[in-house]
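As a plain string of letters, each chain reads:
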Amino acid sequence: MNKIFKYSMMLIFSAVALVLGSCTEEFEYTGATIDGEQVYFSNTLSSNINLSPNANEVKIPINRIQRSGELKVDLEVSTSENCAVSVPNSVNFADGDSVAYLTITYDPSTMEMGRYDEVKLSIANADYTTPYGNSSYTFNIGLSEWETLGTGLYHDVTFANFYGLEAMTYNVTIEKNINKDGMYRIVSPYGPNTSFYTTYVETGTMGWANKTNTSIVINATDPDYVYISGDFYPGTDDGMASSGYGVMHLFSIVDYEIAKGSSLESLKASNPELFGTLKDGIISLPQMSVYVNFDDSMEPLGYVDTQGWAIALPGNAFTDYSSSFTYTGKFTDVAGNNYADGNITLGADVANAKYIVAMDGDDVQAIIDGIVDGSVEATGITESGSVRVPITESGKYTMIIVTFDEEGTMKGSSATTFEVSLDSSASNWQPIYTGTFTHNVEPAFITYSDESYVGNPIIGQITEQYSTTMYQDQNNPTKYKIEPWIADGQSLTFEMDADGKITFKDVNTGFSHQQYGTLYAGDAAVLFDQPEAISSYYDKKSNTFVFGTVYYIYQNNDYGWLGGAFETFTVGQAQGVRPFKGHKMLSPKMFKTYSKLNIKKSVRKTAVQKPTLKRAKFVKK
């Protein structure tokens, strides 16, 4: 390419040299004359005109190249039915003027707020047009219910949580509704002139879909129950339409539930976790704010994790009153007392915090409220660090942390579920088989790591296999384990009855997520509460153990499915899988990515699996 450019320039310079070097002829040049009036519409005119409720007219500029003489230009005017504005069919240029203004009039008192009419203007006389400009102009015009409030800050986690990208904070234009206090609109927060667009669209990481509905409307009329209103398109195209992705479409969970028959007030009472808050100029949105699909429908594929999504209204700044807990393991002292060890991390603006460990099934919100009002006693801390709390029995626990500012005002909270096992009964594990374990999970939700994985399983759509060993507990012959499994030191424990039916649930994979908590594995039939079905079993003919595995998280007394597949342990060289006759088998469709099934509740309680633009941040404990 550079050579072609170089040679082309050499030819041009040679031709110029020949012309300049010739003395045999003289050349005269006369500039082109302008014929006709050359009237046109500027190509910089907006396709959307917002009318002011405090005015009754708006002017549209029309240009001409020829300036001499007065000129009346007739226009062809086309409008949508029952157009609310009055558009003249001609415009007059004064002598010497290159611009004339078409005055469109309207009565704001009779107009419907938010309704826009389409208007098309065309220069009627073709002799007045010019090949150098537009001879027509089409636009939408209406009385906007929004006015600019100013520039605010936008903390995006939608793309960070869905695609595994880095969370960003950047400036956005924020509007307010002139008719309804507490309604805000974030103007195209992923579009041109934003840091997101510069970082991901202009660089080619994401395509741009040219959607028009790209602004986010937020209903904060009740500052204690804030939610996204309506639907919007971020405007991006991830280029993965063949995999079920493509152009992302997001829409309000609250609005969806209302459309299905719930009332706003009933949702506030029964599902407060669907709402965010507006406090001190900061809009904070919850983990479950929006449903997602990749078509133009209003049916959810699932929800996008939006934990941490926030907007700072103009004149305000973000503060960090966050908290988190990471469980690091069980500790037993010389007296035989058991403890759960972990690390608490506090945000930079936290003055002090209180924490308490709750049992599985406890009302987390009631405990938070009790810590705030003082009716629940909790341990106080002023900085991040390690903690040790006494544990008296095996089970699931929740670390609840409440953060405060210098004035003692509660500013945030977190609840992290973890599991502790105090089982000290001696198992007599004896190896019974060596064989090959095959993982079929897709898509990925565990990353590569510097630690030693067994065959690097669960890394995408590529089937992963590795050699491992199956053990049986000689003290309890119905109990088995496969070790290593997923990673060195990890085990898949399960029970198998005399008919070869395998069951297992809440098996700790050894991986965790900073937001989701521990990653568990379980049998599909158990988790889908279908006891009559068989999803995990031993096939005697092929000498193969089949595991209908679901990988999931457990938070706030609810399960969230991250992926699933049929996986196998094959003894020796046996190949193939055959189900037991007479059993009701779960279909492979149970494990299809984007399945609308959930373990206990509807799809609307299930986070959608993320594409693998960047691997999700699961890390080995």
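Since the model is a prediction, treat every value here as computed from it, not as a measurement. (Residues numbered from 1 in each chain as written. Predicted model: local features only at pLDDT ≥ 70, side-chain atom pairs only at ≥ 80, totals over all residues. Heavy atoms only, no water.)

A.B. asks: With reference to specific residues and values, describe a negative patch on the surface.
C.D. replies: On the surface, a cluster of negative charge is contributed by D360, D362, D363, D369 and D373. Mapped onto the fold, D362 is located in the loop between β26 (352–359) and α6 (364–373). (Patch = residues over 30% accessible without salt bridge, like charges linked within 9 Å, V, L, I, M, F, W, Y side chains within 5 Å. Areas by Shrake-Rupley, 256 points an atom, 1.4 Å probe, with all protein chains shown as cover. Salt bridge = Lys/Arg side-chain N within 4 Å of Asp/Glu carboxyl O. Lys, Arg positive; Asp, Glu negative; His and termini not counted. Charge placed at Lys NZ, Arg CZ, Asp CG, Glu CD. Helix = DSSP H or I, 4+ residues; strand = E, 2+ residues; numbered from the N terminus.)

A.B. asks: Describe the pairing of strand β4 (residues 71–79), with residues and values.
C.D. replies: Summarising the sheet, β4 and strand β6 (residues 90–93) pair through 4 bridges and their orientation is antiparallel. Counted as the bridge partner of D74 is S90 from β6. Where β4 meets strand β8 (residues 116–123), 5 bridges bridge the pair, whose relative direction is antiparallel. Paired with S78 across the two strands is K120, which belongs to β8. (Pairing = 2+ DSSP bridges.)

A.B. asks: Summarise the packing of aromatic side chains; cite the residues concerned and give the values.
C.D. replies: Scanning all chains against the criterion turns up 32 aromatic pairs. Between F437 and Y466, the aromatic rings sit 6.0 Å apart at their centres with planes inclined by 25°, giving stacked as the arrangement. In this pair, F437 is assigned in strand β31 (residues 429–439) and Y466 in strand β32 (residues 464–473), connecting sequence segments 29 residues apart. Neither F437 nor Y466 differs from the other in exposure class; each is buried. When the ring of F545 is compared with that of F569, the centres are 6.1 Å apart and the planes differ by 55°; the resulting orientation is tilted. (Phe/Tyr/Trp six-rings, centres within 6.5 Å; stacked < 30°, edge-to-face > 60°. Buried < 20%, exposed > 50% of the residue type's maximum accessible area, 1.4 Å probe, protein only.)

A.B. asks: Requested: an account of the sheet that holds strand β11 (residues 168–177), with residues and values cited.
C.D. replies: Adjacent strands of a sheet form backbone hydrogen bonds with each other and so pair up, either parallel or antiparallel. Taken together, the 8 strands give an open sheet; going across it, the order is β15-β14-β12-β11-β10-β23-β20-β19, and neighbouring strands pair in antiparallel fashion. Edge positions in the open sheet fall to β15 (227–229) and β19 (277–279), since each of these has one partner strand only. In this sheet, adjacent strand axes meet at a mean angle of 30° when their direction is disregarded. Where strand β14 (residues 216–219) and β15 come together, 3 bridges link them in antiparallel fashion. The residue bridging I218 from the neighbouring strand is I228, located in β15. (Axes fitted to C-alpha atoms, helices over the stretch in contact; angles between N-to-C directions.)

A.B. asks: Any chance you could break down the pattern of salt bridges for me, citing the residues and the numbers?
C.D. replies: Inspection of the entire model under this criterion finds 13 salt bridges. Where R388 meets D341, a salt bridge forms, and the shortest distance between an N and an O atom there is 2.7 Å. Separated by 47 residues along the polypeptide, R388 in strand β28 (residues 385–391) and D341 in strand β25 (residues 338–346) bring together distant segments of the chain. Here E483 makes a salt bridge to K481, at a shortest N to O gap of 3.3 Å. Residue E483 is classed as partly exposed on the basis of its relative accessible area, which comes to 25%. Taking the relative accessible area as the measure of exposure, K481 reaches 12% and is therefore buried. Among the charged side chains, a salt-bridge network with shared partners connects D222, E265 and K268.

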